[in-house]
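# Structural characterization, general
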Amino acid sequence: MIFVEDKDLVVPGDVLADDEYHTGRGTFREGKNICSSLVGLVAVRDKKVSVIPLQSKYIPKRGDVVIGKITDIRFSMWNLDVNSPYSGFLPASDVFGKEKRDLNKAFDVGDVLFLRVVDVDEVKKVKLGLKGRGLGKFRGGILIYITPTKVPRLIGKKGSMINMIKDETHCEIIVGQNGVVWVKGDPMMERVAEKVINMIEKQAHTSGLTDRVRNMLSELLGKEIEEEEIEEETEAEEVPEPEEDQIQG
Amino acid sequence: MAVNIVPEITRKSITELIENGERADGRAPLDYRDISIEVGVIDKAEGSARVKIGNTQIMIGIKPQIGTPFPDTPNVGVLMTNSELLPMASPTFEAGPPDERSVEMARVVDRCLREGKVLDLEKLCIIEGEKVWMIFLDLHVIDYDGNLIDAAVLGSVAALMNTKIPTAKVEDDELVVDEENKIPLSINEKPLMCTLAKIGDELIVDPSLEEEEIMGARISVGIREDGSICAMQKGGEDPVTRDQVLKAVESASEKTKELREHLP
Amino acid sequence: MIIILLNNNNNVRADGREFDELRPFKIEAGVLERADGSAYLEIGGNKILAAVYGPRELHVRRIMRPDMAVLRCRYNMAPFSVGERKRPGPDRRSVEISKITADALRPSVFLERFPRSTIDVFIEVLEAEGGTRCAGITAASVALADAGVPMKDLVVSCAAGKANGNVILDLSEEEDKEGEADLPVAIMPRSGEITLLQMDGHLTPDEFEKALDLAIKGCEKISAAQKEAIKNRYGEENGS
């Protein structure tokens, strides 16, 4: 038996279903019951109950692509802030191979990079890497921080939402799975994109968002925007692997 | 004291905007963010205020106590300013005794209020040389989004204007304090402070947190209602030029008039 | 025979409340900008602000745990929160309350999900009127939920006690000062498990049981308000 409906807003401790159901993300089993551990929206798929959190910290997982900022240079690695309780390290060998070089000739404290999470161990030590298409240091542009769970909403089904913003503002946009977004274009357009992205973040849990985003873009840019087939990513379950073209920006 | 490392691209983008006379949040170089002041928010305090500039938020409480005056000024009351940069206000604020940022802020606010002569301290004398009113002003910073000094001074003046203290009289050689009949503090002047940040070679008013994190220097100027300058403080690692100082004073004279309109 | 029932004034409290009545209260979630989560609570004359940062990186290696997050709490009273100004800085009472608050919240949090990190809870009493530690715990739990910290339940806290010879719920400042006993309690409402229990004063075992049950009932009422406060935070942003 299930005691809640899809898209209900629940809080930690709320009883969601009994043992006819399976536990998904954001829930836990207690005796015969499945309860919510977070503030979020219920998602019911077949017999699985999950809670999609409205607020959460990014916990790095292997394979994620993230945007990080260099905070320290050590003997043979850089330390990075990846918008997480856990900082990451990038081994110098990733950049220099076997040669020994001065690390700060490549990257310095304050540089912002697009990286892949190579490995996360049991105590959450995060190893980062730069081998991959499109990974590397950002030049210019601005950074916007959103709650990591809202990344799928920002991207949209098959990238539809983020592509609409890119097309209308003519900006390059790269979304890290850790909730950090990089936008580069004409300075005014960068700010338009920023406003839209912040609005999506605040309203990610609501419906009818695509229309409101289109309207906001029209207003800010002073023009009409065609209603294309935009598929709204309404299910923010698993964070999808970003498409190749998104990594390119 | 923890420090936040600013991403290089953020530093560049903000600096470029400012060099073009624009700011990241769309303000003009001399604009303040939204300001709000509420007074009388803490009943147990004899005076109180809650001030917000942008998302920077400070609670201010005034508590009077009877104490002995300083030996060199036996017939005036005392204003004591203390500030707490609460750890909840920012990930860079740590719990513990006030650090150098907190102490600097409290002393700058104190000097502005004291030299601005906000209070008629002589009226706070009860028995010359023996008993005076000590006005404790406590700044409780609960949310930090840049520019604490201007918010602190603005809120302090509002809180002092809101303050009522008990009447204290000498009757038959005894000090009688009447808590029931409180009278408003005598407010003499309304000095306010305006802070400008130097980014590149430009000066901007009311730096946001992002702007403060990349600024080279800041100049805070305290101006009284009568237009005179009563306090100044330069901060930050970079030097400033004579022209920049004079420009800061000019801007502050104008902007403090606007700020004063927010007082109740 | 006519029986006249007299109103037994001994049972009426100074503020007119019934023996099992809570003071008026309100809770708001998400009131600060920088903190990861926050809450504001008023009950009677109490004004309490709670904020949470975390999970976040822990720099003090000495207390770091490889298998779970540490949860730390700092309870502090503003100098202007009480009648006679309180000198800034922790005193022994604040240190104890900080500890028992952390102890009261810890059982509810899934700490094992965040090894080598810290969850920091900050409670500021802006104005005090009896029962600040209970109000602090209640607000802190809302702040933890607001920050997205996974928990098995919210923790809610309330005090019962005895004053004027009667067992009563939610003591005011005066009742706490003049009364015969004070019993702060915190529970996780779904299971009823008790995570905070202190007692100060003089009660018979019978009175204690009555007071404990009163406190638990009071907690259950406040618990509903906690959930509503959290939900209200997101209700407003729904498409407006």
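Residues numbered from 1 in each chain as written. Chains lettered and ligands numbered in written order. Predicted model: local features only at pLDDT ≥ 70, side-chain atom pairs only at ≥ 80, totals over all residues.

## Regarding the overall build of chain B
Along its length, chain B carries five helices and 12 strands. Scaling as 2.2 N^0.38, a compact globule of 264 residues should have a C-alpha radius of gyration of about 18 Å, and chain B matches this with 20 Å. Projected onto the principal axes, the alpha-carbon positions of chain B cover approximately 70 × 35 × 30 Å. The contacts of chain B with a sequence gap of at least 6 include a subset with a gap of at least 24, amounting to 70%. (Helix = DSSP H or I, 4+ residues; strand = E, 2+ residues; numbered from the N terminus. Rg over C-alpha atoms; globule rule 2.2 N^0.38 Å. Contact = placed C-beta atoms within 7 Å.)

## Structural notes on the overall build of chain C
Helix and strand counts for chain C come out as four helices and 10 strands. Tracing chain C from N to C terminus, the helices and strands come up as β-β-β-β-α-β-α-β-β-α-β-β-β-α. Relative to the globule expectation of 18 Å for 240 residues, the C-alpha radius of gyration of chain C, 19 Å, shows essentially globular dimensions. When its C-alpha atoms are laid out on the principal axes, chain C stretches across 75 × 45 × 35 Å. In chain C, the proportion of contacts linking residues at least 24 apart, taken out of those at least 6 apart, comes to 70%.

## Here we look at the interface of chain C and chain B
Contacts between the two partners involve 23 residues from chain C and, on the opposite side, 27 residues from chain B. Counting only elements with at least two residues in the side of chain C that touches chain B, the list comes to β3 (46–57) and β5 (117–127) of chain C. For the side of chain C that touches chain B, the per-class residue count stands at 12 nonpolar, four polar and seven charged. (Nonpolar A, V, L, I, M, F, W, Y, C, P; charged D, E, K, R; others polar.)

## Section: the packing of helix α1 (residues 92–105) of chain C against helix α2 (residues 132–146) of chain C
All names here are of chain C. In contact at an axis separation of 10 Å, α1 and α2 are set at 45° when each is read in the N-to-C sense. Considering their axes alone, α1 and α2 lie oblique with respect to each other. At the point where α1 passes α2, the crossing takes the right-handed sense. Contacts between α1 and α2 involve Ile97, Thr101, Ala104 and Leu105 on the former and, on the latter, Arg133, Gly136, Ile137, Ala140, Ser141 and Leu144. Looking at side-chain class alone, the contact of α1 with α2 contains six nonpolar, three polar and one charged residues. (Axes fitted to C-alpha atoms, helices over the stretch in contact; angles between N-to-C directions. Parallel < 35°, antiparallel > 145°, perpendicular 65-115°, else oblique. Left-handed = near helix turned anticlockwise from the far one by under 90°.)

## Here we look at the pairing of strand β11 (residues 217–223) of chain B
Both faces of the sheet carry side chains from a regular strand, because those side chains alternate between them. All names here are of chain B. With respect to burial, β11 is a largely interior element, six of its seven residues being buried. Relative to β11, strand β9 (residues 192–199) runs antiparallel, the two sharing seven bridges. Bridged to threonine 195 within β11 is serine 220. Of the strand pairs in this sheet, β11 and strand β12 (residues 229–235) are connected by six bridges, and their pairing is antiparallel. Opposite serine 220, over in β12, you have glutamine 233 as the bridge partner. In textbook terms, the turn of a hairpin is the stretch between consecutive antiparallel strands, and for β11 and β12 this stretch comprises five residues, one of which, glycine 227, has a positive phi near 90°. (Buried ≥ 20, exposed ≤ 12 C-beta atoms within 10 Å, placed from the backbone. Pairing = 2+ DSSP bridges.)

## Digging into the interface of chain C and chain A
Facing the 26 residues of chain C at the interface are 23 residues of chain A. Counting only elements with at least two residues in the side of chain C that touches chain A, the list comes to β3, α2 and α4 (205–235) of chain C. Looking at the side of chain C that touches chain A element by element, the count peaks at four residues for α4(C).

## Brief notes about helix α6 (residues 209–221) of chain A
Residue and element names in this part refer to chain A. Its 13 residues place the ends of α6 18 Å apart at the C-alpha level, agreeing with the 18 Å of an ideal helix rising 1.5 Å per residue. Every buried residue of α6 is accounted for by Leu209, Val213 and Leu217. For α6, the arc enclosing every buried residue in end-on projection is 75°, short of the 170-degree limit, so these residues lie on one face. What points out from α6, more than 90 degrees from its buried face, is the exposed set Asp211, Asn215 and Glu219. Here the buried face of α6 lies against α4 (160–169) and α5 (187–202). Two residues or fewer after α6 comes glycine 222, characterised by a positive phi angle close to 70°. (Expected span 1.5 Å × (residues − 1). Arc of directions from axis to C-beta.)

## Here we look at the sheet that holds β12(B)
Strand pairing in a sheet relies on backbone hydrogen bonds, with the paired strands running either antiparallel or parallel. Residues and elements named next belong to chain B. Spatially, β10-β9-β11-β12 is the arrangement adopted by the four strands of the open sheet, whose pairing is antiparallel. Two strands lie at the open edges of the sheet, namely β10 (202–205) and β12, each paired on one side alone. Between one strand axis and the next, the sheet turns through 20° on average, direction left out of account. Taken together, the four bridges between β9 and β10 define a ladder with antiparallel strand orientation. By the bridge assignment, leucine 196 is partnered in β10 with valine 205. Helix α2 (residues 100–115) rests against β9, β11 and β12 of the sheet, and its axis sits at about 165° to β12.

## Describing the sheet that holds strand β1 (residues 9–10) of chain A
All names here are of chain A. As summarised here, the arrangement of the four strands in space is β1-β6-β7-β3, forming an open sheet in which the pairing is mixed. For this open sheet the edge positions go to β1 and β3 (22–23), each flanked by a neighbour on one side alone. Inspection of the sheet shows β1 paired to strand β6 (residues 40–45) by two bridges, in the antiparallel sense. Within β6, the position partnered with valine 10 by the bridge is glycine 40.

## Describing the packing of α2(B) against helix α3 (residues 148–161) of chain B
Residues and elements named next belong to chain B. Where α2 contacts α3, the two axes come as close as 10 Å, and the packing angle between them is 45°. Classified by the angle between their axes, α2 and α3 sit oblique to one another. In this structure, the crossing between α2 and α3 has a hand that is right-handed. Only Leu148, Ile149, Ala152, Val153 and Ser156 of α3 make contact with α2, whose side of the interface consists of Met105, Val108, Val109, Cys112 and Leu113. Of the residues assigned to the contact of α2 with α3, the class counts are nine nonpolar, one polar and no charged.

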